[in-house]
Amino acid sequence: MANRSYLYSADSMPTEDDIPQAIRCISEHNWGIPLAHKLLVGYGTTIVPSMIWSPRIGIAADYDKGAALLGDLLKAVGQGLEEDDEFGRCAEKTTSHLEKQRARHFLLETGEMISLSSEDPVAAVQRLVSHDIPAAVAQAEAAIAGENDEWLASIRADWQDNLGSFYSTALYYSFPG
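Conventions and cut-offs
- Residues numbered from 1 in each chain as written.
- Predicted model: local features only at pLDDT ≥ 70, side-chain atom pairs only at ≥ 80, totals over all residues.
- Heavy atoms only, no water.
- Helix = DSSP H or I, 4+ residues; strand = E, 2+ residues; numbered from the N terminus.
- Rg over C-alpha atoms; globule rule 2.2 N^0.38 Å.
- Buried < 20%, exposed > 50% of the residue type's maximum accessible area, 1.4 Å probe, protein only.
- Contact = heavy atoms within 4.5 Å.
- Areas by Shrake-Rupley, 256 points an atom, 1.4 Å probe, with all protein chains shown as cover.
- Lys, Arg positive; Asp, Glu negative; His and termini not counted.
- Charge placed at Lys NZ, Arg CZ, Asp CG, Glu CD.
- Core = buried A, V, L, I, M, F, W, Y, C linked by side-chain atoms within 4.5 Å.
- Phe/Tyr/Trp six-rings, centres within 6.5 Å; stacked < 30°, edge-to-face > 60°.
- Lys NZ or Arg CZ within 6 Å of the ring centre and 35° of its normal.
- Salt bridge = Lys/Arg side-chain N within 4 Å of Asp/Glu carboxyl O.
- Pairing = 2+ DSSP bridges.
- Axes fitted to C-alpha atoms, helices over the stretch in contact; angles between N-to-C directions.

(A) The arrangement of the overall build of the protein in detail. Per the secondary structure count, the protein includes seven helices and six strands. The helix and strand sequence of the protein, counted from the amino end, reads β-β-α-β-β-α-α-β-α-α-α-α-β. The C-alpha atoms of the protein give 15 Å as radius of gyration, which agrees with the globular expectation for 177 residues (16 Å, within 12%). Each of the three principal axes of the protein carries a C-alpha extent, and together these read 50 × 35 × 30 Å. Classification of the 177 residues of the protein by burial places 51% in the buried group. A fraction of 76% describes how many contacts in the protein between residues 6 or more apart in sequence connect residues 24 or more apart. A total accessible area of about 8,500 Å² is found for the protein, and carbon and sulfur atoms account for 49% of it. Here the protein contributes 13 positively and 26 negatively charged side chains, and the mean placements of these two sets differ by 5 Å.

(B) Spotlight on the nonpolar core. Within the largest apolar cluster, 44 residues are counted, with the highest numbers of intra-cluster contacts made by Leu39, Leu70, Leu73, Leu98, Phe106 and Leu163. Element by element, the count of residues in this core is highest for helix H5 (residues 121–144), at nine residues. Counting residues in each nonpolar core, the second largest holds 11 residues, with Ala10, Ile23, Met51 and Leu171 among its members.

(C) Quick peek at the packing of aromatic side chains. Across all of its chains, the model carries four aromatic pairs by this definition. Both rings, one in Tyr6 and one in Tyr8, keep their centres 6.5 Å apart while their planes meet at 20 degrees; by these two values the pair is stacked. In this pair, the class of Tyr6 matches that of Tyr8, namely buried. Following the ring pairs from residue to residue traces out a cluster consisting of Tyr6, Tyr8 and Trp53. Over the face of the ring belonging to Tyr172 we find Arg4, whose NZ or CZ atom lies 4.7 Å from the ring centre.

(D) A look at the pattern of salt bridges. Applying the stated criterion across every chain, the model contains seven salt bridges. Between Arg24 and Asp11 there is a salt bridge, with its nearest N and O atoms 3.6 Å apart. With Arg24 in strand E2 (residues 24–30) and Asp11 in the loop between strand E1 (4–10) and E2, this pair connects stretches of sequence that are 13 residues apart. Take Asp11: its relative accessible area is 37%, and that puts it in the partly exposed class. Between Arg102 and Asp64 there is a salt bridge, and its shortest N-O distance comes to 2.4 Å. Linking Arg102 in the loop between helix H3 (85–100) and strand E5 (105–109) with Asp64 in helix H2 (residues 63–78), this pair joins segments that are 38 residues apart in sequence. A residue is classified by how much of its surface remains accessible, and Asp64, at 46% relative accessible area, is partly exposed. Connected through shared salt-bridge partners, Asp64, Glu99 and Arg102 make up one network.

(E) Fine view of the sheet that holds E1. If you trace the six strands from one edge of the open sheet to the other, you get E3-E4-E5-E1-E2-E6, paired in antiparallel fashion. Edge strands, defined here as strands with exactly one partner in the open sheet, are strand E3 (46–48) and strand E6 (166–167). As judged from the five bridges shared by E1 and E5, these two strands associate in the antiparallel manner. Counted as the bridge partner of Tyr8 is Leu107 from E5. Across the face of the sheet, H2 comes into contact with E1, E2, strand E4 (58–62), E5 and E6 while running at roughly 80 degrees to E4.

Listed below in structure tokens is the structure:
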């Protein structure tokens, strides 16, 4: 079994006492927290209680802004991959799924991934929120603005790992709805 990061959407954020009533499945990614997940939770990013695990290791963020950023990056990446039909299908599936599962917030579950290291899970999520996610957003924003061609080329070269996650209405961890 692969360890995964899980991405959901909901109209409210989890609290210490409750999880949102309607949780929509967005994506899961094996063996990492991909660039796409980091960008999707890149605006209004906050640490919230996990909906799956007991530590406070969930990440919530603004859905519309994150989806717009990823959409803009997919367009920028696609400008160098016009002949790659597989990338084109991935970009189309990603954007249509994000539109279909739209809500107020993205909710990223990182527990399986951060448990792979010896770092304290709460500290690992804090590092993601304070450093890794903002750094990814800054790189993407610069690339979209035409100011980060080297980084953009590296994303094109490895787009499957960065952008090619599994998008579905049912994930390994799904919630009744």
